[in-house]
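# Structural overview
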Amino acid sequence: MRQANRYPSVDHLHRAAKKRLPKFSYDYVDGGTGPEVGKNLNRSAIEAIKMAPRYVVERKPINMKTELFGRTYAKPFGIAPMGLASLQWPNAELHFARAGKAADIPVTLSTACTVDIEQFAAAGGDNAWYQLYPPKDEEVNDDLIKRAQDSGCKALMVTVDVPARGWRPRDMYNGLAVPPRISAATIWNAAMRPHWSLATLASGFPHFKTLGKYAPDKSMRGMANFVSEQLGQPTSIDRLKRIRDKWKGDLIIKGVMHPDDATAAIDLGYNGILVSNHGGRQLDAAPSSIEVLPEIVDVVGDRATVMVDSGFSNGLDVMKALALGADFVFCGRAFMWGLGAMGPSGPGHVADMLASELELQMIQLGVSDIAELDRSWITGGGREWPNN
Ligand SMILES: Cc1cc2nc3c(=O)[nH]c(=O)nc-3n(C[C@H](O)[C@H](O)[C@H](O)COP(=O)(O)O)c2cc1C
């Protein structure tokens, strides 16, 4: 069976990944914070949006090319940063980077990554971006920025929505840890998933390669302790300014859910706003990002580029976000499920699938170019959306 038919949706990949991954690894990706109301809301809020098609329209060839920070990308979506990605498949971030390059979409490396920035940037080329969780130590902060800049990452995303670690009951229950805690349950779990276990055994259990470099103790535990000491704290305004001074290119703030944060970041010189609730992994009471998107788009106007993530997992979702004013959409778990289900070829399949879905949905709706998408296409959905 052709892969596209075997996995014709992210839901199919999700189900297959669940069967192939050990429980702790699956739960790490799938889980949200607390009772996961926020994670589920991300999906239901997107699903509630309705669009009325128009069929009596002039048709032109479909165009989904998108200009973002002065560069044209082939599609209006990209790969969000995800830490500890190699828990799904060895060298996950390099597979994301190659898929991003092949599909010509941005692909972002997390600070909590399991490969070197330099390796990632070489694999992703012109499509590689870097995400910074500002570490406690300023020198580490500055060196990470320098490494991302020197290795050619095109944009820097500063994530502010992890002022403390997320309360993630599934990870706590599973005893998720680096290095792994060896218990009867871990061994049983791994034994039941031989495909994953053999691949992971062959390349070694993942660790924090980029950040581990700065740890005084280079054992796996030493590096993991260092990472947890350095990350998971509030980002001060001074630090946001310092990052603006150090990073010479396009600078995005990630985790914006309130118009005031968007305005404050623009005043500090940030030119990209990523509306995100971290995929429902930080504050369970947060609204869905699609709900707050229109308000933030209106406040920002043309002062910055507005992007969105959290819950987007098919081409139709992307089309809805663009119609509500987003310039671009990022997807996280969708790409992880591709990797978990299919291995290295999975992220490329997800990129192709989202693009094909988007193309068909544009034809269904009656638009030829993503530039034609605006709020006039949105109808009902239990909420009045203001027109452009
Ligand atoms: C397993 C996992 C790890 C993540 N790690 C990071 C990270 O290291 N840095 C970051 O800024 N966001 C991280 N995120 C959040 C994503 O960048 C993104 O905001 C979120 O996944 C979007 O929601 P979606 O998964 O529903 O698409 C992570 C998300 C997941 C699922």
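## Comments concerning the site of the ligand
As a matter of local geometry, the ligand sits amid 21 residues, with P81, S110, T159, D309 and G311 nearest to it. Between D309 and the ligand, the recorded distance is 2.7 Å, taken from a side-chain N or O atom to an oxygen atom. G332 places a polar main-chain atom, nitrogen or oxygen, 2.9 Å from an oxygen atom of the ligand. Here the ligand, which alone exposes 600 Å², has 97% of that area covered by the protein. Of the residues that constitute the shell around the ligand, the class distribution is seven nonpolar, 10 polar and four charged.

## Observations concerning the packing of helix α14 (residues 259-267) against helix α15 (residues 289-300)
Packing of α14 against α15 leaves a shortest axis separation of 9 Å and a crossing angle of 35 degrees. In this structure, the crossing between α14 and α15 has a hand that is right-handed. Side by side, α14 and α15 meet where P259, A262, T263 and I266 of the first sit next to E295, I296, V299 and V300 of the second. Among the residues making up the contact of α14 with α15, the classes are represented as six nonpolar, one polar and one charged.

## Regarding the pattern of salt bridges
Applying the stated rule across the entire model yields 18 salt bridges. Among the salt bridges present, the one from R170 reaches D27, with a minimum N-O distance of 2.9 Å. With R170 in helix α8 (residues 169-174) and D27 in helix α3 (residues 23-30), the pair connects residues that are 143 residues apart, well separated along the chain. In this structure, the salt-bridge partner of R242 is D142, at a minimum N-O distance of 2.5 Å. Taken together, the positions of R242 in helix α13 (residues 237-246) and D142 in helix α7 (residues 138-150) put the pair 100 residues apart, joining distant regions of the chain. With relative accessibility at 17%, the residue D142 sits in the buried group. Among the charged side chains, a network of salt bridges with common partners joins K23, D27, D30, E36, K39 and R170.

## Here's the deal with the packing of aromatic side chains
Taken as a whole and assessed by the stated rule, the structure comprises seven aromatic pairs. Aromatic pair F24 and W196: ring centres 5.8 Å apart, planes at 85 degrees, arrangement edge-to-face. Of this pair, F24 sits in helix α3 while W196 sits in helix α10 (residues 194-203), and the two are 172 residues apart along the sequence. A relative accessible area of 10% means that F24 is categorised as buried. When the ring centre of W377 is taken as reference, the NZ or CZ atom of R54 above it lies at 3.8 Å. Sitting over the ring of Y28, R281 keeps its end group 5.2 Å from the ring centre.

Cut-offs applied
- Here the residue numbers are simple positions, counted from 1 along each chain's written sequence.
- For this predicted model, a pLDDT threshold of at least 70 governs which residues receive local features, and a threshold of 80 or more governs which side-chain atom pairs are given and counted, while totals over whole chains, interfaces and linings are taken from all residues.
- Remark: hydrogens and water are excluded; side-chain values derive from all non-hydrogen atoms of the structure.
- Any residue with a heavy atom lying within 4 Å of a molecule or strand is counted as near it.
- The term polar contact refers here to a pair of N or O atoms within 3.5 Å; inside protein, the definition further demands a hydrogen-donor-capable atom paired with an acceptor-capable atom, and it admits residues adjacent in sequence only when both atoms are side-chain atoms.
- With residues, only the protein chains shown are counted as cover, and all accessible areas are computed by Shrake-Rupley using a 1.4 Å probe.
- Each residue is assigned to one class: nonpolar for Ala, Val, Leu, Ile, Met, Phe, Trp, Tyr, Cys and Pro, charged for Asp, Glu, Lys and Arg, and polar for all the others, Gly among them.
- Here the axes come from fitting lines to C-alpha atoms, over the contacting stretch only for helices, and the angles between their N-to-C directions go from 0 to 180 degrees.
- Comment: elements are numbered from the N terminus, with helices defined as DSSP H or I runs of at least four residues and strands as E runs of at least two.
- Whether a crossing is left-handed or right-handed is set by the direction in which the near helix is turned from the far one by less than a right angle, anticlockwise for left-handed and clockwise for right-handed.
- Residues count as neighbours in contact if any of their non-hydrogen atoms are within 4.5 Å of one another.
- Just to be clear on terms, a salt bridge is a Lys or Arg side-chain nitrogen sitting within 4 Å of an Asp or Glu carboxyl oxygen.
- Type-normalised accessible area, obtained with a 1.4 Å probe on protein chains alone, sets the label of each residue: buried when under 20%, exposed when over 50%, and partly exposed for intermediate values.
- Only the six-membered ring of Trp is used, alongside the rings of Phe and Tyr, when aromatic pairs are assigned; centres must lie within 6.5 Å, and planes under 30 degrees apart are stacked while those over 60 apart are edge-to-face, with the rest tilted.
- Put simply, a charge is over a ring when the Lys NZ or the Arg CZ is close to the ring centre, within 6 Å, and near the line of the ring normal, within 35 degrees.

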